[in-house]
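Results of the structural survey
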Amino acid sequence: MNNTDLLSVKSQIEALLFAWGDPLEVNEVAQYFDMSIDQVREVLHVLQYEYENRGIRIQFMGNQVQMNTNQDYNQLIERFGYQQRKKSLSSAAMECLSIVAYLQPTTKVVVEQVRGVKSDGPIQTLVDRGFLREAGKLKQPGRPYVYKTTDFFLKCFELETLNDLPELIDRETIKELLKFTEIKEEDIELILGTDEETNEQKSIHEEFEENVGESEVDLSCD
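Parameters at a glance
- Residues numbered from 1 in each chain as written.
- Predicted model: local features only at pLDDT ≥ 70, side-chain atom pairs only at ≥ 80, totals over all residues.
- Heavy atoms only, no water.
- Pairing = 2+ DSSP bridges.
- Helix = DSSP H or I, 4+ residues; strand = E, 2+ residues; numbered from the N terminus.
- Phe/Tyr/Trp six-rings, centres within 6.5 Å; stacked < 30°, edge-to-face > 60°.
- Lys NZ or Arg CZ within 6 Å of the ring centre and 35° of its normal.
- Patch = residues over 30% accessible without salt bridge, like charges linked within 9 Å, V, L, I, M, F, W, Y side chains within 5 Å.
- Areas by Shrake-Rupley, 256 points an atom, 1.4 Å probe, with all protein chains shown as cover.
- Salt bridge = Lys/Arg side-chain N within 4 Å of Asp/Glu carboxyl O.
- Buried < 20%, exposed > 50% of the residue type's maximum accessible area, 1.4 Å probe, protein only.
- Expected span 1.5 Å × (residues − 1).
- Arc of directions from axis to C-beta.
- Core = buried A, V, L, I, M, F, W, Y, C linked by side-chain atoms within 4.5 Å.
- Contact = heavy atoms within 4.5 Å.
- Axes fitted to C-alpha atoms, helices over the stretch in contact; angles between N-to-C directions.

On to the pairing of strand β3 (residues 64–69), then. Relative to β3, strand β1 (residues 24–25) runs antiparallel, the two being bridged by two bridges. Paired with E25 across the bridge in β3 is Q64. Note that strand β2 (residues 56–61) and β3 share six bridges and pair antiparallel. Residue F60 lies in a different strand from β3, and its bridge partner there is V65. From the end of β2 to the start of β3, which pair antiparallel, there are two residues, and G62 there has a positive phi angle of about 65 degrees.

This is the structure:
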């Protein structure tokens, strides 16, 4: 195979790997391009060398090959993902998240008491996106779900523990408002697989500033 042919086939295989995403069988690539397996591997090794110090790499897995991200940048990608998921939250979801963060363990009823509006949608969104978890059910009629924040919540807002949450401006007013709905751990029937998770990350770079609206309870922070 001359240099012109090599360059052409190399570019085509590169495009195929990028577009396909999943691992490809080397022999299937060889059959498609009417090449021997050794010739395809030669092209792939050239690509692998060219991508060696870049954000994208060519990875062999037995008889398969795949284009994927350089593992050296996994943390960078992960942090960016946290920020994107956090930015996509609506103001209603952020209000619900703030309330649960400070009053947990708590129920949807308590969140709705503070906000003054129904909160089924925002709470379900927070559960689906990993910010909240169903920690158990309250031992009372109706057995409502009890919600807590997750490790992902801590990571996303760069908190080591819940103790690192900013102080509430009007914590005493909130306590007075909700004293009849305070939930103790012994009142929760745990759901299998929802034990307390391990806390990660170390510092906070963002503030929670949320005004709860109709309840007239200020959940903003300094």
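There is more to say after this.
This paragraph deals with the packing of aromatic side chains. A complete count under the given rule lists four aromatic pairs for this structure. With 5.3 Å between their ring centres and 45 degrees between their planes, F153 and F157 make a pair best called tilted. Joined through ring pairs, the aromatic side chains of F131, F152, F153 and F157 make up one cluster. Over the ring of Y51 we find R54, and its NZ or CZ is 4.4 Å from the ring centre.

Another point: a nonpolar patch on the surface. A cluster of nonpolar residues, Y73, L76 and I77, forms a patch on the protein surface that exposes about 280 Å² of accessible area. Tracing the sequence through the fold places Y73 in the loop between β3 and α4 (74–87). When its relative accessible area of 39% is taken as the criterion, Y73 is described as partly exposed.

Another aspect to go through is helix α3 (residues 37–50). If you check α3, its first and last C-alpha atoms are 20 Å apart, about what 14 residues at 1.5 Å a residue would give, namely 20 Å. Within α3, burial applies to V40, V43, L44 and L47. An end-on view of α3 places all buried positions within 100 degrees of arc, on one side of the element. Exposed side of α3, more than 90 degrees from the buried face: D38 and Y49 are the residues found there.

With that settled, consider the environment of F18. The residue F18 is located in helix α1 (residues 3–20) in this model. C-alpha of F18 to C-alpha of Q66: the two residues are 48 residues apart in sequence and 8.3 Å apart in space.

Glancing now at the nonpolar core. L89, L97, L126, F131, F153 and F157 are the most contacted members of the largest nonpolar core, which totals 24 residues. Looking at which element gives the most residues to this core, the answer is helix α5 (residues 91–103), with eight residues. With near-sequence residues (within four places) excluded, L126 lies in contact with L89, A93, C96, L97, F131 and L132. Residues V26, V29, F33 and L44 belong to the second largest nonpolar core, which totals 17 residues.

Right, let's get into the sheet that holds β3. Note: strands within a sheet are paired through backbone hydrogen bonds, in either parallel or antiparallel orientation. The strand order β1-β3-β2 describes an open sheet built from three strands, whose pairing is antiparallel. With one partner strand each, in any of the chains shown, β1 and β2 form the two edges of the open sheet. Along the sheet, α3 makes contact with β2 and β3, crossing β2 at roughly 140 degrees.

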